[in-house]
Amino acid sequence: MGVKLGVNIDHVATVREARKAQEPDPVAAAVLAELGGADGITVHLRADRRHIKDRDLRLLRQVVKTKLNLEMAATEGMIKIALEVKPDQVTLVPEKPNEITTEGGLDVENNQETVVQAVGRLKGGGITVSIFVDPDPVQVKAAKESGADAIEIHTGLYAEAQGGEREKEYRKIVEAAQLAQNLGLVVHAGHGLDYRNVGPIASIPGVKELNIGHSIVARSVLVGMERAVREMKRLLG
Ligand code: PXP
């Protein structure tokens, strides 16, 4: 069986919020993503609620039939919401108020106490816990020590790098994936993956799940444009 695909639909909510309107609804996008074969739906509920809202998360919990993965910061407020909504999986991520997107992995090593507490409480609520980490052996080991079930290896630097640098970043991911498996962690990966760079990551032995957002939502806008215009033209008579 191939690598599982978690589709991150945050950008659908970003388009909705550009107009503070009701459409496009990320809940509808989740249903269509599942019809297309998504193995899971991922959303990031940010402290500033800039795209995904509490309402989306609650409806997604009812509608998603595959696996609902909630990306969130390890804060008290978010832990409470997660324990109430009960996504299938939480992925703990670092969060900075003004960042455009998540900028890197969580520094588990230097925040052990907070992370251990968050992992323990979420797992106690029956939620699988993954931690988004850089491909750094120190962070992979710290994630294991925190009690997490899985890690999501940050592929952002690999995705941005060119030539020899990309090869170096790739090796780091391969080694982190190997270490994580040896420690008994389930291995996921994501960030910055697109139709050109995903192949080598998908072929890393033991990588079970990829979380991909921007490139899929960007492509869906383009492949859907012709049909959307045709439908509007038809209404014009
Ligand atoms: N994984 C994590 C932990 C993320 O924070 C994000 C972005 O929200 C993704 C994967 C998806 O990244 P991209 O949108 O670049 O595919």
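Everything below is about the structure shown above.
The following refers to the structure shown.

Conventions and cut-offs
- Residues numbered from 1 in each chain as written.
- Predicted model: local features only at pLDDT ≥ 70, side-chain atom pairs only at ≥ 80, totals over all residues.
- Heavy atoms only, no water.
- Near = heavy atom within 4 Å.
- Polar contact = N/O pair within 3.5 Å; in protein donor to acceptor, adjacent residues only side chain to side chain.
- Areas by Shrake-Rupley, 256 points an atom, 1.4 Å probe, with all protein chains shown as cover.
- Nonpolar A, V, L, I, M, F, W, Y, C, P; charged D, E, K, R; others polar.
- Axes fitted to C-alpha atoms, helices over the stretch in contact; angles between N-to-C directions.
- Helix = DSSP H or I, 4+ residues; strand = E, 2+ residues; numbered from the N terminus.
- Parallel < 35°, antiparallel > 145°, perpendicular 65-115°, else oblique.
- Left-handed = near helix turned anticlockwise from the far one by under 90°.
- Contact = heavy atoms within 4.5 Å.
- Buried < 20%, exposed > 50% of the residue type's maximum accessible area, 1.4 Å probe, protein only.
- Right-handed = clockwise from strand over helix to strand, strands pointing away.
- Pairing = 2+ DSSP bridges.

**Concerning the site of the ligand**
No. 1: Of all residues adjacent to the ligand, which total 14 residues, the nearest are Thr102, Glu152, Gly192, Gly213 and His214.
No. 2: A distance of 2.9 Å separates an oxygen atom of the ligand from a polar side-chain atom of threonine 102.
No. 3: Contact with the protein chains hides 93% of the accessible area of the ligand, taken as 400 Å² for the molecule alone.
No. 4: Tallied by class, the residues present in the shell around the ligand amount to three nonpolar, eight polar and three charged.

**Re the packing of helix H4 (residues 76-85) against helix H5 (residues 112-124)**
No. 1: Running from N to C, H4 and H5 point in directions that differ by 15 degrees, and their axes come no closer than 10 Å. On the basis of their axis angle, the class for H4 and H5 is roughly parallel. The chirality of how H4 crosses H5 is right-handed. Facing H4, whose interface residues are Glu76, Ile79, Ala82 and Leu83, H5 presents Ala118, Arg121 and Leu122.
No. 2: Within the contact of H4 with H5, the residues separate by chemical class into five nonpolar, no polar and two charged.

**So, the pairing of strand E6 (residues 150-154)**
No. 1: The element E6 is extensively covered by neighbouring structure, given that five of its five residues are classed as buried.
No. 2: Once you follow strand E5 (residues 128-133) into helix H6 (residues 137-145) and on to E6, the crossover reads as right-handed.
No. 3: In the sheet, E6 pairs with strand E7 (residues 186-190) via five bridges, with the strands oriented parallel. Opposite isoleucine 153, over in E7, you have alanine 189 as the bridge partner.

**Some points on the packing of helix H2 (residues 26-35) against helix H3 (residues 54-63)**
No. 1: Viewed as axis vectors pointing N to C, H2 and H3 meet at an angle of 30 degrees, and their least axial separation amounts to 9 Å. If you check the angle between H2 and H3, you find them roughly parallel. When the axes of H2 and H3 are compared, the crossing they make is right-handed. On H3, the residues that touch Pro26, Val27, Ala30, Val31 and Glu34 of H2 are Arg55, Asp56, Leu59, Leu60 and Val63.
No. 2: A class-by-class count of the residues in the contact of H2 with H3 yields seven nonpolar, no polar and three charged.

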